[in-house]
Amino acid sequence: NFQAMLGKTIGSIAFRAARLRNALFAFSVQEAALTVLYCATSPELSPTSTAPRGARDARIFVPVAAPVQARHAKASDAEFAKQLWSFSQGLIETALKSAASEAYAAKA
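Model, not experiment: these values are computed from the prediction.

How each quantity is defined
Counting of residues starts from 1 at the beginning of each chain's written sequence and follows it residue by residue. With pLDDT at 70 or above as the cut-off, local features in this predicted model cover only qualifying residues; side-chain atom pairs require 80 or more to be listed or tallied, and sums for whole chains, interfaces and linings still use all residues. Water and hydrogen atoms play no part in the side-chain values, which are based on all heavy atoms of the structure. Runs of H or I in DSSP of at least four residues are treated as helices and runs of E of at least two as strands, each being numbered from the N terminus. By definition in these notes, contact holds between two residues if any of their heavy atoms fall within 4.5 Å. Confidence scores here are pLDDT values: one per residue, from the predictor, ranging 0 to 100. By this rule the span expected of a helix is its residue count minus one, scaled by 1.5 Å. Only protein chains enter the calculation, and the probe is 1.4 Å; a residue is then buried if its accessible area is under 20% of its type maximum, exposed if over 50%, and partly exposed in between. Starting at the helix axis, one direction is taken to each C-beta atom, and the arc is that of these directions.

Q: Looking at this structure, I do not really get the environment of glutamine 3. What am I missing?
A: When you line up the elements, glutamine 3 lands in helix H1 (residues 2–6). When the C-alpha atoms of glutamine 3 and phenylalanine 15 are compared, they prove to be 8.0 Å apart, with twelve residues separating the residues in sequence. The contacts of glutamine 3, once residues within four sequence positions are left out, are Lys8, Gly11 and Ser12.

Q: Help me out: how do you make sense of the confidence of the model for the protein chain in this one?
A: Predicted coordinates in areas of low pLDDT are best not read in detail. Averaged over every residue, the pLDDT of the protein chain is 82; residues scoring 70 or more account for 88%. Here strand E2 (residues 66–68) stands out as the element of the protein chain with the lowest mean pLDDT, 75, in contrast to helix H2 (residues 8–25), whose mean of 92 is the highest.

Q: Explanation requested: H2 in the structure shown.
A: Relative to the 26 Å expected for 18 residues at 1.5 Å per residue, H2 spans 25 Å between its end C-alpha atoms, a close match to the ideal helical length. Buried within H2 we find Gly11, Ser12, Ala14 and Ala18. Considered in projection along H2, the buried side chains sweep an arc of 165° and stay on one side of the axis. Away from its buried face, by an angle of more than 90 degrees, H2 presents the exposed residues Thr9, Ile13, Arg16, Leu20, Ala23 and Leu24. As for H2, its buried residues are in contact with H1.

Quick look at the structure:
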């Protein structure tokens, strides 16, 4: 909340500026979702045998479903991809366990 961070007057101005920026330069939720849907469902993007389970190839996509050439060597490093996948999966599992524990505690 801009007003909570910057005060009523400056926060209001910052909020209006952010809305204008978004109207001019940002994608709508529907447009941005197209990239995720394309990557998840396109038969052209089949899983590779070297990628971790469920992972796609090492291409990067930006809205709207446009491939971008990776600029860093790690982007096509299969071992790093496996490590990142495992790390991310661990974070998600930890967050889900924590949320489940909190939900259980709230019911008790």
